[in-house]
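Residue-level structure breakdown
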There are 2 protein chains.
Amino acid sequence: MLYFIGLGLFTENDISVEGFNALSSVDVIYAEFYTACLMGGGFDKLSNKFDADIVFVNRKDVEEDNIVIKNALKKDVAFVVAGDPLMATTHTELYVEAVNHGIETRVINAASIFSAAPGLTGLQAYKFGKTTTVPFPDENFFPHSPYDAIKKNLSIDAHTLVLLDIQAHRNKYMSINEALDYLSIVESERSEGVFTSDTLVVGLAQAGSISPVVKAGSVGELLDFDFGDPLHCLIVPSNLHFVEAEALLALADAPRYLLDKFL
Amino acid sequence: MLYFIGLGLFTENDISVEGFNALSSVDVIYAEFYTACLMGGGFDKLSNKFDADIVFVNRKDVEEDNIVIKNALKKDVAFVVAGDPLMATTHTELYVEAVNHGIETRVINAASIFSAAPGLTGLQAYKFGKTTTVPFPDENFFPHSPYDAIKKNLSIDAHTLVLLDIQAHRNKYMSINEALDYLSIVESERSEGVFTSDTLVVGLAQAGSISPVVKAGSVGELLDFDFGDPLHCLIVPSNLHFVEAEALLALADAPRYLLDKFL
């Protein structure tokens, strides 16, 4: 038996009651914090609440050594991950492999940034287009794909949720400021007017915490804004419904002059 | 104090531990089941676990009589809703109104169909475009908007999550079959090739339950497929990554001949 259990967004208490109960029933818990992580609390705080061992796995354990599948063939295993459990391709592959091995599976969902970001910013979830991620650039690695995703979404009047790179093993979490810089550099190379210093953006930090930081403004205004601790994400809105504009005023301290241009 | 607390997808145990703890601390709990609902369990089962009264509210209570805001001005109030708490415009308006009244707020997220549907079908969450809803048609009411949303998403190579109408007060929940009929009628009027009998679709029912039903096929093949109990939703995929195609084979019993056309 293999459970895929989401841990939600911020602390060890963001797991569902159903997920918590499932953890009480398994033989071993594999915790994966390389694609995402809980910044507000240690999942290890839960270890004294369960009989099962909690094993913190790395990518090699899962993708090369296949320890999750090997053990799920003979034991009751939980694979736990921050957010909702099947958002990353690597987890989908694990799920498919389990099913193809005839392992009984159960998915226990939890909160995801995919729905939390619209909710916390007051932007309408159904108006979001494709999600994109800004990676940490490297020598010979500076993809324009996030810029292209924003451009495509704008072509169908859709907002863009921009996730920011996580390199948890290096304790590196991209900030909104770094992402604004990244996209501004792409704009300077492409000059297509997709991401200028006047573009309205909404930054969201510490989603799922008691006090998430939500701040809207132009790219130029937010380049030096301090969003505080990670995790950060960014939204590039398309045209706004008036309810969304009112929400950005109330929830994101948006400058009114800027919203008028998008209504 | 006003908490917005998500209940997740299926039963009363899909609330987060954090949300459950918050419910233990409030004076009154307003439960809203007119925009969405938990098909697998009664939230009222929780009533003996909290000191607070659980009040099941209707749209008039919230939107016209404003009982949530009025009470949150003087008491600790929880507003609970199936799924993630701020997905419907009416909830965003309530959130904004609370903030504008100076009421302290806290959002406690939970699982949403917006992320669960990609996860359970094995389709990549970041490849989904705008979400749309098929409404129950009525005399002089048969909008083409869901068809247009699918068409627009396909234009940027994005999948479409199609939610299906809920009229909980009438105990009416649209089935996947009804939605396929609806979209086929639009296709017959528009003839733009967006939703033909050969179009690949993925139906998902009872998301969040122990055994969700996931079935992929052509529109023609699924018109009479029995997906069982509500809630239902539908996905109209764009082009597939090979990992997605493998997932639809394993998780959604997809016919291989159909996938080959989308790779």
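Quick look at the overall build of chain A
- Looking only at helices and strands, chain A features 10 helices and 12 strands.
- Here chain A has a C-alpha radius of gyration of 20 Å; the compact-globule value for 263 residues is 18 Å, and the two agree.
- Oriented by its inertia axes, the alpha-carbon framework of chain A measures out at about 60 × 40 × 30 Å.
- Going through the 263 residues of chain A one by one, you find that 61% of them count as buried.
- Long-range pairs, those at least 24 residues apart, make up 74% of the contacts in chain A with a sequence separation of at least 6.
- Counting only carbon and sulfur atoms, one obtains 47% of the accessible surface of chain A, whose full area is about 10,200 Å².
- Charge-centre separation for chain A: the mean point of 18 positive side chains lies 3 Å from the mean point of 36 negative side chains.

So, the relation of the copies chain A and chain B
- After a rotation of 180 degrees and a shift along the axis of 0.0 Å, chain A superposes on chain B with an RMSD of 0.0 Å. The two molecules are tied by a two-fold rotation axis, judged by turn and shift.
- Take the interface residues of chain A: 100% of them recur as interface residues in chain B, which is what a same-surface contact looks like.

Focus on the confidence of the model for chain A
- In the predicted model, chain A carries a mean pLDDT of 95, and 99% of its residues have values of at least 70.
- Our summary of model confidence lists the complex with pTM equal to 0.97 and ipTM equal to 0.96.

Overview of the nonpolar core
- Core analysis: the largest hydrophobic core is formed by 50 residues, its most contacted members being I113(A), L248(A) and L2(B).
- Looking at this core element by element, the count peaks at six residues for helix α9 (residues 242–252) of chain A.
- Once residues lying within four places of it in the same chain are set aside, the contact partners of I113(A) are L9(A), P118(A), L161(A), L163(A), L204(A), A207(A) and C233(A).
- A125(A), F128(B), V214(B) and A247(B) belong to the second largest nonpolar core, which has 49 residues in total.

Examining the pattern of salt bridges
- According to the stated counting rule, one finds 18 salt bridges over all chains in the structure shown.
- Overlapping salt bridges, with partners in common, bring together D148(A), K151(A), R190(A) and E192(A) in one network.

Remarks on the environment of F56(B)
All names here are of chain B.
- As for its position among the elements, F56 is in strand β3 (residues 53–57).
- Given the relative accessible area of 46%, F56 is considered partly exposed.
- The spatial distance from the C-alpha of F56 to the C-alpha of L231 is 20 Å, given a sequence separation of 175 residues.
- Setting aside chain neighbours within four positions, we find F56 in contact with A31, F33, F43, D44 and D61.

Here's the deal with unusual backbone geometry
- In this model, P230(A) is joined to L231(A) through a cis peptide bond whose omega is 0 degrees.
- Tracing the backbone through its elements, the reader meets L231(A) in the loop between α8 (219–222) and β12 (232–236).
- Residue N171(A) is not a glycine yet carries a positive backbone phi of 60 degrees.
- Position of N171(A) relative to the elements: it lies in the loop between β8 (166–167) and β9 (172–173).
- One non-glycine residue with positive phi stands out, namely N140(B), at about 60 degrees.
- Tracing the chain through its elements places N140(B) in the loop between β6 (132–134) and α6 (145–155).
- On the accessibility criterion, N140(B) (81% relative accessible area) is exposed.

Side note on the packing of α9(A) against helix α4 (residues 89–100) of chain B
- Contact geometry for α9(A) and α4(B): axes closest at 9 Å, N-to-C directions at 35 degrees. For the element pair α9(A) and α4(B), the recorded crossing hand is left-handed. Where α9(A) approaches α4(B), its residues V243(A), E246(A), A247(A), A250(A) and L251(A) are matched on the opposing element by T89(B), T92(B), E93(B), Y95(B), V96(B), V99(B) and N100(B).
- Looking at the contact of α9(A) with α4(B) residue by residue, the classes come out as seven nonpolar, three polar and two charged.

Section: the packing of aromatic side chains
- All chains considered together, the criterion is met by 14 aromatic pairs over all chains.
- Centroid distance F4(B) to F79(B): 6.0 Å. Interplanar angle 70 degrees. Geometry classified as edge-to-face. With F4(B) in strand β1 (residues 2–6) and F79(B) in strand β4 (residues 77–81), the pair connects residues that are 75 residues apart, well separated along the chain.
- With a centroid separation of 4.7 Å and an interplanar angle of 65 degrees, the aromatic rings of F225(B) and F227(B) are classed as edge-to-face.
- Cluster of aromatic residues (ring-pair linked, three or more members): F4(A), F79(A) and Y95(A).
- It is K172(B) that lies over the ring of F136(B); its NZ or CZ is 4.2 Å from the centre.

How each quantity is defined
- Note on numbering: residues in each chain are counted from 1, in written sequence order.
- Numbering of ligands from 1 and lettering of chains from A proceed in the order in which they are written.
- Note on the predicted model: pLDDT of at least 70 is required for a residue's local features to be given, and 80 or more for side-chain atom pairs to be given and counted; whole-chain, interface and lining totals, by contrast, use all residues.
- With hydrogens and water stripped out, all remaining heavy atoms of the structure feed into the side-chain values.
- Helical segments are the DSSP runs of H or I of at least four residues, strand segments are the runs of E of at least two, and each set is numbered from the N terminus.
- Throughout, radius of gyration means the C-alpha value; the globule benchmark is 2.2 Å times the number of residues raised to the power 0.38.
- A 1.4 Å probe rolled over the protein chains alone gives each residue an accessible area, and that area as a share of the maximum for its type sets the label: buried under 20%, exposed over 50%, partly exposed in between.
- Contacts were defined at the residue level, with two residues in contact if any of their heavy atoms lie within 4.5 Å.
- Shrake-Rupley sampling with a 1.4 Å probe provides the accessible areas, and residues are treated as covered by the protein chains on show and by no other component.
- Charged-residue counts in this description rest on Lys and Arg as positive and Asp and Glu as negative, His and the chain ends being excluded.
- Every charge is mapped to an atom, namely NZ of Lys, CZ of Arg, CG of Asp or CD of Glu.
- The copies were overlaid by least squares, fitting only the C-alpha atoms of residues that reach a pLDDT of 70 or more in each copy.
- For every residue, the pLDDT score states the predictor's confidence, bounded by 0 at the bottom and 100 at the top.
- Working definition of a nonpolar core: buried Ala, Val, Leu, Ile, Met, Phe, Trp, Tyr and Cys residues. They are joined through side-chain atoms within 4.5 Å.
- The working definition used for a salt bridge is a side-chain nitrogen of Lys or Arg within 4 Å of a carboxyl oxygen of Asp or Glu.
- Simply put, an axis is a line fit to the C-alpha atoms, just over the touching stretch for a helix, and the angle between two N-to-C directions goes from 0 to 180 degrees.
- For any pair of crossing helices, the crossing counts as left-handed if the nearer helix is rotated counterclockwise from the farther one by less than a right angle, and right-handed if it is rotated clockwise.
- All residues other than Ala, Val, Leu, Ile, Met, Phe, Trp, Tyr, Cys, Pro, Asp, Glu, Lys and Arg, Gly among them, are scored as polar; the first ten of these are nonpolar and the last four charged.
- In this analysis, rings of Phe, Tyr and Trp, with Trp reduced to its six-membered ring, are considered paired at centre separations within 6.5 Å, and the interplanar angle assigns stacked below 30 degrees, edge-to-face beyond 60, and tilted for intermediate values.
- Criterion for a charge above a ring: Arg CZ or Lys NZ at most 6 Å from the ring centre, at most 35 degrees from the ring normal.

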